[in-house]
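So you can see what is in the structure, the chains are spelled out below.
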Amino acid sequence: MSHFSPTAAVSYFFNYFLMKGVLVTIGLTVAAVVGGLILGMGIALLRMSSNPVLAGAARFYIWFFRGTPLLIQLVVIYSGLPQLGIKFSVITCALVGLILNEAAYLAEIVRSGFMAVSAGQREAAWALSLSPWVTFRRVTLPQAFRLMIPPLGNSINSLLKATSLASVISVEELMRRSDMLMQEHFQILEVYAAATAYYLILTSVWDAVQRRLEKHFGRSSAAKARQVAASAPVAQASVEARA
Amino acid sequence: MSERSMARAEGATVQPQLREVPAVRMEAVYKHYGDFTALNEVDLKVAKGEKIVVCGPSGSGKSTLIRCINHIEKHDEGLIYVNGVELDHQRKNIDAVRRDTGMVFQSFNLFPHMTVLENCTLAPMTANGMSEAEAKDLAMHFLTKVRIPDQAAKFPGQLSGGQQQRVAIARALCMRPKIMLFDEPTSALDPEMVKEVLETMKKLAEEGMTMLCVTHEMGFAREVADRIVFMNEGKVVEQAAPEEFFKHPKSERARTFLDQIIH
Ligand SMILES: Nc1ncnc2c1ncn2[C@@H]1O[C@H](COP(=O)(O)OP(=O)(O)O)[C@@H](O)[C@H]1O
Ligand SMILES: [Mg+2]
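All values reported here derive from a predicted model rather than from experimental measurement.

*Asks:* Whenever I open this one, the sheet that holds strand β10 (residues 235–240) of chain B confuses me. Can you help?
*Replies:* Within a sheet, neighbouring strands are paired by backbone hydrogen bonds and run either parallel or antiparallel to one another. Residues and elements named next belong to chain B. Strand order in the open sheet formed by six strands is β6-β7-β8-β3-β9-β10, and the pairing between neighbours is mixed. A single partner strand is all that each edge strand has here, and the edge strands are β6 (101–104) and β10. The average undirected angle you get between the axes of adjacent strands in this sheet is 20 degrees. Pairing analysis gives five bridges linking strand β9 (residues 227–232) to β10, with the strands arranged antiparallel. Bridged to Asn232 within β10 is Lys235. Against the sheet, helix α2 (residues 62–69) makes contact with β3 (51–55), β6, β7 (179–183), β8 (210–214) and β9, and its axis sits at roughly 150 degrees relative to β7, the strand it touches most.

So this is what it looks like as structure tokens:
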């Protein structure tokens, strides 16, 4: 085999076995985002709490999971924990690893979103006798969420690609199934061209969704920017993408 | 002093009604930020319907004073009564006081993601359980009063600073407060917009609203204030009618302050 066969690449793209891997990749991503957001919001709340023990625990969590490679986290959960008698199915291991890891990133995004809403907004809500719940639900959350969308989008884009690491612990997602096809047929470029196309499609679709979200929630964002510029300086949300 | 010990002895949250209950009564109030004393033994009494202008150099504690009155800032020592309710850090008393007071901030603090109308209806609907239709009527009433009913559907960021501040006043009035607190309401405005906000405040004063205004607009103070409260380094240094204060400031600090802002 001394050349690249486009027809073979196309046939891999429509390979049913590979397509099922794509679905697993999507499933892992969605589950990790949902689980990561729930856990991440909890961690963000702890991190912002005035209790130093809770805040410290949340800080430690974030430091730990952002400071170690996802690959090691997955391998430890899959191969290391059984040594302590803790054993999960492969897919559970992948989900636990991805959620724990994603939560650390999302916690920081959620927190910086809330920190970027100026104190004056909360003070105005208090002065108007709004309840803590209404203040959160109608004043702080919508403003924080708008600020969270861009970093949230970036994080989900990274996560989509990071699910490929689950192949190492034998989860049959897109990457793993590409490997399997490749080892069967030895058409390396053709198989990976199909896989690459799928990743590009997934990230592009997500990009489009993210743009729609930004537009939808940013209705008055230009107007808002002007108002913010006119009022007291506001802490900028620190935007961070997965390294 | 005897009034105060009586209130304490009875453990009452509502002070005994000896004469008419003042709108605000502060006794030996202290507020600390770490080692720094932002309010240093402040005594202040504001009668119902009275208009007070608070002035003084930057950092003298004017904002802290006014923010303690609706418990946006917690005082550390001393007593604060608002319409007879003691601000003693109990939730129900704080709520009662906040319902009686409206606040206008230097930086407006309108909710940028809501329209002008939504800014005005949110509190009446969620905190007072008003129906949407009622709340809208109420909001339009006060937006008309501050002369911007035509901007109701816009977002705050689409308005000029002066318009935003008038919306902020209308928003506060929608909760029908008995006391209005203003913290430098015109300091963030371009000069040509100061007047429209001051006019709105004057109108409010004419209607008998109890007002505490931190402002350096001495024309407004002369015209509207019943009393000027001058602060320096966390203390109320002088209190006098505007005429008296501007003509014969008693303290050296007030004299230099007046020289600086008038020139
Ligand atoms: N949250 C805070 N933490 C620490 N110091 C503060 C805080 N708020 C105000 N201060 C200090 O308290 C002093 C009085 O502030 P403020 O009441 O805002 O003054 P003014 O409104 O008269 O300019 C200032 O020196 C200010 O630096
Ligand atoms: Mg101030």
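*Asks:* Please clarify how the site of ligand 1 should be interpreted in this entry.
*Replies:* Residue and element names in this part refer to chain B. Taken together, Tyr33, Phe36, Ala38, Pro57, Ser58, Gly59, Ser60, Gly61, Lys62, Ser63 and Thr64 are the residues near ligand 1. Tyr33 is positioned such that a nitrogen or oxygen atom in its side chain is 3.4 Å from a nitrogen atom of ligand 1. Between ligand 1 and Ser63 there is a distance of 2.7 Å, counted from an oxygen atom to a side-chain nitrogen or oxygen. About the coverage of ligand 1: the protein hides 59% of its 560 Å² of free accessible area. Taken together, the elements giving at least two residues each to the shell around ligand 1 come down to β2 (36–46) and α2.

*Asks:* Sorry if this is basic, but what is going on with the UniProt feature "domain: ABC transmembrane type-1" (unreviewed entry) in chain A here?
*Replies:* Mapped onto the present numbering, the UniProt feature "domain: ABC transmembrane type-1" (unreviewed entry) falls at residues 22–210 of chain A. Helix makes up 81% of residues 22–210 of chain A and strand 0%, and the two end C-alpha atoms of the span are 20 Å apart.

*Asks:* Where do I start with the pairing of β3(B) in this structure?
*Replies:* As a general feature of sheets, a regular strand has side chains that alternate between the two faces. All names here are of chain B. Judged by how many residues are buried, β3 sits mostly within the fold: five of five residues are covered. As paired elements, β3 and β8 share four bridges and run parallel to each other. Residue pairing across strands places Lys51 opposite Met211, the latter belonging to β8. As paired strands, β3 and β9 are joined by four bridges and run parallel to one another.

*Asks:* Where do I start with the UniProt feature "domain: ABC transporter" (unreviewed entry) in chain B in this structure?
*Replies:* Using the residue numbers shown here, the UniProt feature "domain: ABC transporter" (unreviewed entry) corresponds to residues 24–258 of chain B. In this annotation, residues 24–258 of chain B is assigned 40% helix and 26% strand; the end-to-end C-alpha distance for the span is 26 Å.

*Asks:* Explain the packing of aromatic side chains here, please?
*Replies:* Given two aromatic rings, one states the distance between the centres and the angle between the planes to describe the pair. Residue and element names in this part refer to chain A. In this structure the tally under the stated criterion is 12 aromatic pairs over all chains. Centroid distance Trp133 to Phe136: 5.9 Å. Interplanar angle 35 degrees. Geometry classified as tilted. In this pair, Trp133 and Phe136 are both assigned in helix α7 (residues 132–162), three residues apart and thus about one turn of the helix distant. The exposure class assigned to Trp133 is exposed, which follows from its relative accessible area of 57%.

*Asks:* Looking at this model, I keep getting lost on the interface of chain B and chain A. Mind explaining?
*Replies:* If you look at the interface, chain B gives 28 residues, while chain A gives 24 residues. When the buried surface of chain B facing chain A is broken down by residue, Phe111(B), Pro112(B) and His113(B) rank first, second and third, together holding 25% of it. Counting the contacts that link chain B with chain A gives one salt bridge. Linking Glu123(A) and Arg67(B) is a salt bridge whose minimum nitrogen-to-oxygen distance equals 2.8 Å. Across the contact surface, chain B and chain A share four residue pairs in polar contact (both at pLDDT 80 or more). Where the side of chain B that touches chain A is concerned, the elements lending two or more residues are α3 (91–100), β6, α4 (116–127) and α6 (161–173) of chain B. The greatest single-element share of the side of chain B that touches chain A, amounting to four residues, is contributed by α4(B). By residue class, the composition of the side of chain B that touches chain A is 15 nonpolar, nine polar and four charged.

*Asks:* I would appreciate a short explanation of the environment of Pro249(B) in the present structure.
*Replies:* Residue and element names in this part refer to chain B. Counting through the fold element by element, Pro249 comes out in the loop between α9 (242–247) and α10 (252–262). For the pair Pro249 and Gln239, spaced 10 residues apart in the sequence, the C-alpha separation amounts to 9.5 Å. If near-sequence neighbours (up to four positions away) are discounted, Pro249 is found in contact with Glu238, Glu244, Ala254, Arg255 and Leu258.

Criteria and thresholds
- Residues numbered from 1 in each chain as written.
- Chains lettered and ligands numbered in written order.
- Predicted model: local features only at pLDDT ≥ 70, side-chain atom pairs only at ≥ 80, totals over all residues.
- Heavy atoms only, no water.
- Pairing = 2+ DSSP bridges.
- Helix = DSSP H or I, 4+ residues; strand = E, 2+ residues; numbered from the N terminus.
- Axes fitted to C-alpha atoms, helices over the stretch in contact; angles between N-to-C directions.
- Contact = heavy atoms within 4.5 Å.
- Near = heavy atom within 4 Å.
- Polar contact = N/O pair within 3.5 Å; in protein donor to acceptor, adjacent residues only side chain to side chain.
- Areas by Shrake-Rupley, 256 points an atom, 1.4 Å probe, with all protein chains shown as cover.
- UniProt positions renumbered as here; feature names shortened; annotations may be inferred.
- Buried < 20%, exposed > 50% of the residue type's maximum accessible area, 1.4 Å probe, protein only.
- Phe/Tyr/Trp six-rings, centres within 6.5 Å; stacked < 30°, edge-to-face > 60°.
- Buried area = accessible area lost by both parts, 1.4 Å probe.
- Salt bridge = Lys/Arg side-chain N within 4 Å of Asp/Glu carboxyl O.
- Nonpolar A, V, L, I, M, F, W, Y, C, P; charged D, E, K, R; others polar.

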